[in-house]
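Topology and contacts: notes
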Amino acid sequence: MTSKTIYDVIVVGSGASGGVAAYALAARGLNVLCLEAGPMIEPHRDFHNHKLPFKWPYRGKGKPGKYGHLPQGMEWKINEWTENLYTIPQNDPYALAPGAKFTWTRLRAVGGRTLLWGRESGRFGPLDFKPKSLQDGFGEDWPITYDDLAPYYDKVESLIGLSGGAEEVYNSPASKNSLPGFNVRCGEWLIKTGASKLGIKTVSFPLAVISKPYDDRLPCHYCGACNFGCDTASRFSTLEVLFPKLQKMPNFELRPNAAVHKVLLDNSTGKARGVSYIDTTNHQQYEVWGKAVVLGASMVESIRILFNSRTRDLPQGLANSTGTLGKYLMEHVAFNALQGYFPQLAGRPSTNDDGPGSNSLYIPRYNYGRKNGKFLRGYRFTFYTGCEMGPGPGAELPGFGSAYKKRIKELYPAGFTMDGYGEGLPYAWNSVEIDPEGLKDRHGIPQVRFHTNAEYDHAFAMRDEMYGQMEEILKVSGAEIFSYEKKNPYPLGSVTHEAGGARMGDDPKKSVLDQWNRCHDIKNLLVVDASCFPSHPEKSVTLTIMALALRASDYLAEEIRLGNV
């Protein structure tokens, strides 16, 4: 393990960013080492997606107290299906500054968080890359345009397999590579019809689940359990789609159970020369060497590695000469969903509505050009309807006995849930640092402390309008909405779409990375996960993470070929 092999590139992480980067670099013929902090996963052994609640000792919820007090947004992720995959916070805690909240979802295994993800795969639009200059003057523009990234969206969509419609919506470009979208459920049609009466467009949901055979993969078999893993590779994960290809390449090496904690520098050149990691099976420390290092360990982990790589000459950490590292963290504006039922669907026979484990339609952002003095940017909506694994909306009502059971059965096919994501804004005070009190993780690596708060004026104002818009759409669709309490915006990280902290930019004084995801301070050190985002549109982030990782990797491969690295 301590051989003097010098790899062309060392990639840290194996998920959406690290896995795609490793694949892109190895496919270009480079000698690539991929380091993953967790173990290799065997889907048929480690996924339990076909196990129903009544087959678990605690109906899937886990033994009371086993997971401790889970932070908001984590309670639906960790359960008996997934407890062997996610890091349980009480077993490996992180620090919060007084008054701060952050929900850090960690999944240390080959495939990273692509093993259990929502699979939404919409593109960012032209306005999303230039929010300051083309929208409202707030924040910073990206150093790239939509046209710069569009070819890489094409490549990533072909690589991962995507289903959904090809209908274009303003600033929500459709994929050019989509397989047919999945069938729409009855309740979704009702919401689509209602929204159209208000002039609001509803379109097919872009989903990284294949609806037809693709790339030697089986199509979705409609078990609806994607959040528990997929043992047929019908939904994309780097574990099941990219690593089988990578492991056939003689120029690629995967080293699991390798928790990287530091980037090593060459004192004579100031360049990255490798990394140091802890072998989590024997707790020994090792070093490996490479011509370039690519961090794709997920937002928080990559930032933590940069901070922990500090030296006597760089006491603030690597790539942090201007003090920007760890600042401008962002997350979607999110809050509790509206629930209820459609009276026109009550009493219908129960049907299998599981589908691909997600909605088939959604409402993209539609408030472009509308002036609002209370918040900036906009939001989009998703909705889930029909029969599912749970008992449905009737269980939300008070009652007891045979009449209550009859009511539950009557409403079971008629239920809906509707929610949305709004654009979160970049503020310097939403930040992360190494814990000054000396907290360390289970491997002895200095742990982070968050200074984050999602409860600011923009988020509350957007929340209020989103509630009102959802109510209007549902009522004109004929729905009965259950009474609800307006919850405060969820903490950063709660929907696992956190971004920022090592943002891209043309100005080294305001950013950490350049347009090719290279650190301004260290040109052979790249960061390719969501920490590079300068802004955070209402769209999901994973497809853009993968496209950026592919673009940065292509550039790095060419620079190595030319002898510039």
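No experiment lies behind these values; they were computed from the predicted model shown. (Residues numbered from 1 in each chain as written. Predicted model: local features only at pLDDT ≥ 70, side-chain atom pairs only at ≥ 80, totals over all residues. Heavy atoms only, no water.)

Helices and strands together make up the secondary structure of the protein chain, namely 11 helices and 18 strands. Referenced to the eigenvectors of the C-alpha coordinate spread, the extents of the protein chain come out at roughly 75 × 50 × 45 Å. Taken over 565 residues, the protein chain has a buried fraction of 60%. A separation of at least 24 residues holds for 72% of the contacts in the protein chain among residues at least 6 apart in sequence. (Helix = DSSP H or I, 4+ residues; strand = E, 2+ residues; numbered from the N terminus. Buried < 20%, exposed > 50% of the residue type's maximum accessible area, 1.4 Å probe, protein only. Contact = heavy atoms within 4.5 Å.)

Now for the sheet that holds strand β16 (residues 480-481). Judged by pairing direction, the sheet is antiparallel, and its six strands sit side by side in the order β4-β11-β12-β13-β10-β16 without closing on themselves. If you trace the sheet from one side to the other, it starts and ends with β4 (203-204) and β16, each paired once. The pairing of strand β10 (residues 338-341) with strand β13 (residues 415-422) spans four bridges and is classified as antiparallel. Paired with G340 across the strands is F416, a residue of β13. (Pairing = 2+ DSSP bridges.)

Moving on to the packing of aromatic side chains. Following the criterion strictly, the structure yields 29 aromatic pairs and no others. Arranged with centres 5.5 Å apart and planes meeting at 85°, the rings of Y94 and F450 form a pair that is edge-to-face. Of this pair, Y94 sits in the loop between α2 (43-46) and β3 (95-96) while F450 is found in strand β15 (residues 448-451), placing the two residues 356 residues apart along the sequence. Here the two residues Y94 and F450 agree in accessibility, since each one is buried. Taken together, a centroid distance of 5.3 Å and an interplanar angle of 45° make the contact between Y379 and F381 tilted. Residue classification places Y379 among the buried residues on the basis of a relative accessible area of 1%. The exposure class of F381 is buried, given its relative accessible area of 0%. Each residue in the set Y94, F102, W104 and F450 is aromatic and connected to the rest through ring pairs, giving one cluster. For R106, the ring lying beneath its charged end belongs to W104, and the centroid distance is 4.5 Å. (Phe/Tyr/Trp six-rings, centres within 6.5 Å; stacked < 30°, edge-to-face > 60°. Lys NZ or Arg CZ within 6 Å of the ring centre and 35° of its normal.)

Taken together, three strands build an open sheet; the order of strands is β3-β15-β14 and the sheet is mixed. One side of each edge strand has no neighbouring strand; the edge strands of this open sheet are β3 and β14 (431-434). In the sheet, β3 pairs with β15 via two bridges, with the strands oriented parallel. Bridge assignment links A95 to a residue of β15, and that residue is R449. Most of the contacts of helix α8 (residues 299-308) go to β14, to which it runs at about 45°, and overall it touches β14 and β15. (Axes fitted to C-alpha atoms, helices over the stretch in contact; angles between N-to-C directions.)

Moving on, we come to the environment of L525. Mapped onto the fold, L525 is located in strand β18 (residues 525-527). Once residues within four sequence positions are removed from consideration, L525 is found in contact with V263, A272, V293, L295, L306, L318, N517, R518 and C519.

Quick look at the nonpolar core now. Core analysis: the biggest nonpolar cluster contains 115 residues, and F252, L525 and F533 have the highest contact counts within it. With 11 residues, helix α11 (residues 542-561) is the largest single contributor of residues to this core. For F533, the residues in contact, after removing those within four places along its chain, are F124, W142, M330, A499, G500, R503, V541, T544, I545 and L548. In terms of nonpolar packing, the next biggest core, distinct from the first, is built from 32 residues, F335, Y341, L345 and Y456 among them. (Core = buried A, V, L, I, M, F, W, Y, C linked by side-chain atoms within 4.5 Å.)

Below, the discussion takes up unusual backbone geometry. One non-glycine residue, N257, lies in the positive phi region at around 60°. Looking at the secondary structure, you find N257 in the loop between β5 (252-255) and β6 (258-265). Here Y328, not a glycine, exhibits a phi torsion of approximately 65°, which is positive.

Glancing now at the pairing of β13. With seven of eight residues buried, β13 lies mostly within the body of the structure. Pairing of strand β12 (residues 379-385) with β13, which is carried by seven bridges, proceeds in the antiparallel orientation. Within the sheet, the bridge partner assigned to T385 lies in β13 and is F416.

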